[in-house]
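For reference, the chains in residue letters:
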Amino acid sequence: MELYYDFHLHSCLSPCGDKDMTPYNLVNMAKILGMDVIALTDHNTAQNCRAALEVGEKIGLTVIPGMELCTSEEVHVVCLFDDVNNAEAFSEYVLSTVPPVKNRPDIFGDQLIMDSGDGIIGTQELLLTTASGISIENAVKYVSEYGGVCYPAHIDRSSYSVISNLGMITPEMNFKAVEMTEQADRNEYMEKYPIIKDMPVIISSDAHYLENMKEAKHTVNVNDNTAKAIVDYFRNLLYVGASVNVGGV
């Protein structure tokens, strides 16, 4: 089935996320915009995913627990999990590898942990935008150990992308898909980096504010509208260099 998606969204837990991006607000906004499935991908944490899943269950929108991992090279990687417990366990592991730098709300903004009714149940004291101790070449390995899949975020951006920071994507990274922004010239990037020619290109909003969330446009072709079906889709893609059915992405 063809599902409208946005696999890259931030809540008010991300220090650069707006306070209005509560789990309740962002999930309901995604529903209004016509999405069938979304992923909550805060920086280096999944602590607001459980609340977002609860909202999604109430309004009939599939929510994938996820994270935007910042690798040790300061490359952003979108991580998706089919189970919130696995996402939270990986979140705990990632936070154990980040430097002990405390957040400065006056500079970076609050990092709010919410319940599904917009109640503040805590804050994350560690600054979530720092690099973790997980390298780019180990990202797929570690994420898969927690039952997830991952791919490099916004590879066409001039910062925090695998190309801007490392200048390349290599087979050793084991990625099977990539994310680009809406503005990217796909043909240009595929010509410069042939390794991505046969990869699905995921286009998501990376929204940090409600007004930056996009109307439903891009689709993924999967067997069922569940987090497991989405994660299995990415997990079962052929490796780089083989022919890939992009399935409407």
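The structure this text deals with has already been given above.
Quantities reported herein were computed from a predicted structural model and do not represent experimental measurements. Chains are numbered independently. Their residues run from 1 in the order of the written sequence. Given that the model is predicted, a residue must reach a pLDDT of at least 70 before its local features are reported, and side-chain atom pairs must reach 80 or more before they are shown or counted; all residues, however, enter totals for whole chains, interfaces and linings. Only hydrogens and water are removed before side-chain values are computed, so all heavy atoms of the structure are retained for them.

**Considering the overall build of the protein chain**
Piece 1. Scanning the protein chain from N- to C-terminus turns up eight helices and 10 strands.
Piece 2. A globule of 249 residues ought to have a C-alpha radius of gyration of about 18 Å, and the protein chain, at 17 Å, matches this closely.
Piece 3. Principal-axis analysis of the C-alpha atoms gives the protein chain an extent of 45 × 40 × 30 Å.
Piece 4. Burial status follows relative accessibility: with a 1.4 Å probe on protein chains alone, a residue under 20% of its type maximum counts as buried, one over 50% as exposed, and anything between as partly exposed. Here the protein chain, with 249 residues, has 55% of them falling under the buried criterion.
Piece 5. Contacts in the protein chain between residues at least 24 apart in sequence constitute 74% of all its contacts with a sequence separation of at least 6.
Piece 6. Residue exposure ignores everything except the shown protein chains as possible cover, and the areas themselves are Shrake-Rupley values with a 1.4 Å probe. Carbon together with sulfur atoms contributes 48% to the accessible area of the protein chain, which is approximately 10600 Å² in total.
Piece 7. The charge count includes Lys and Arg as positive and Asp and Glu as negative, but it does not include His or the ends of the chains. Charged side chains are reduced to one point each, which is NZ for Lys, CZ for Arg, CG for Asp and CD for Glu. Separation of charge centres in the protein chain, based on 16 positive and 35 negative side chains, amounts to 1 Å. Here a strand is any run of E in DSSP of at least two residues, a helix any run of H or I of at least four, and the numbering for each starts at the N terminus. All radius of gyration figures rest on C-alpha atoms, and the globule criterion is 2.2 Å times the number of residues raised to 0.38. Only heavy atoms matter for contacts: two residues are in contact if any of them lie within 4.5 Å across the pair.

**Points about the sheet that holds strand 1 (residues 2–9)**
Piece 1. Note on pairing: DSSP must find at least two bridges between two strands before they are called paired. Here we have six strands laid out as an open sheet, ordered 7-4-3-2-1-10, and mixed in their pairing. Edge positions in the sheet fall to strand 7 (148–152) and strand 10 (219–221), since each has one partner strand and no second. Between one strand axis and the next, the sheet turns by 35° as a mean value, whatever way the strands run.
Piece 2. Axis definition: a line fit to C-alpha positions, over the contact stretch in the case of helices; interaxial angles, taken between N-to-C directions, run 0 to 180 degrees. Its contacts with the sheet put helix 2 (residues 49–59) on strand 2 (37–40) and strand 3 (62–70), and the angle it makes with strand 3 is roughly 160°.

**Describing the environment of Glu74**
Piece 1. With respect to the helices, strands and loops of the structure, Glu74 is situated in the loop between strand 3 and strand 4 (76–81).
Piece 2. Classification of Glu74 by relative accessible area gives partly exposed; the value is 38%.
Piece 3. The sequence separation of Glu74 and Glu54 amounts to 20 residues, and the corresponding C-alpha distance is 31 Å.
Piece 4. Setting aside its immediate chain neighbours within four residues, Glu74 contacts Ala131, Tyr160 and Asn165.

**Examining the pattern of salt bridges**
Piece 1. Salt bridge, as used here: a side-chain nitrogen of Lys or Arg that lies within 4 Å of a carboxyl oxygen of Asp or Glu. Going through the model one piece at a time under the given rule, you end up with 10 salt bridges.
Piece 2. In this structure, Glu88 and Arg50 form a salt bridge, with 2.7 Å as the shortest nitrogen-oxygen distance. Of the two residues, Glu88 sits in helix 3 (residues 84–97) while Arg50 sits in helix 2, which places them 38 residues apart along the sequence.
Piece 3. Classification of Glu88 by relative accessible area gives partly exposed; the value is 22%.
Piece 4. Look at Arg50 and you get partly exposed, because its relative accessible area is 35%.
Piece 5. Connected through shared salt-bridge partners, Lys228, Asp232 and Arg235 make up one network.

**Description of the environment of Asn28**
Piece 1. Note on placement: Asn28 falls in helix 1 (residues 23–32).
Piece 2. For the pair Asn28 and Glu73, spaced 45 residues apart in sequence, the C-alpha separation works out to 34 Å.
Piece 3. Setting aside residues up to four positions removed in sequence, Asn28 forms contacts with Val55 and Ile59.
Piece 4. Side-chain atoms alone can form a polar contact between residues adjacent in sequence; in general such a contact is a pair of N or O atoms within 3.5 Å, and within protein one must be able to donate a hydrogen while the other accepts it. Here the side chain of Asn28 touches Tyr24 through a polar contact of 2.8 Å, landing on its backbone oxygen.

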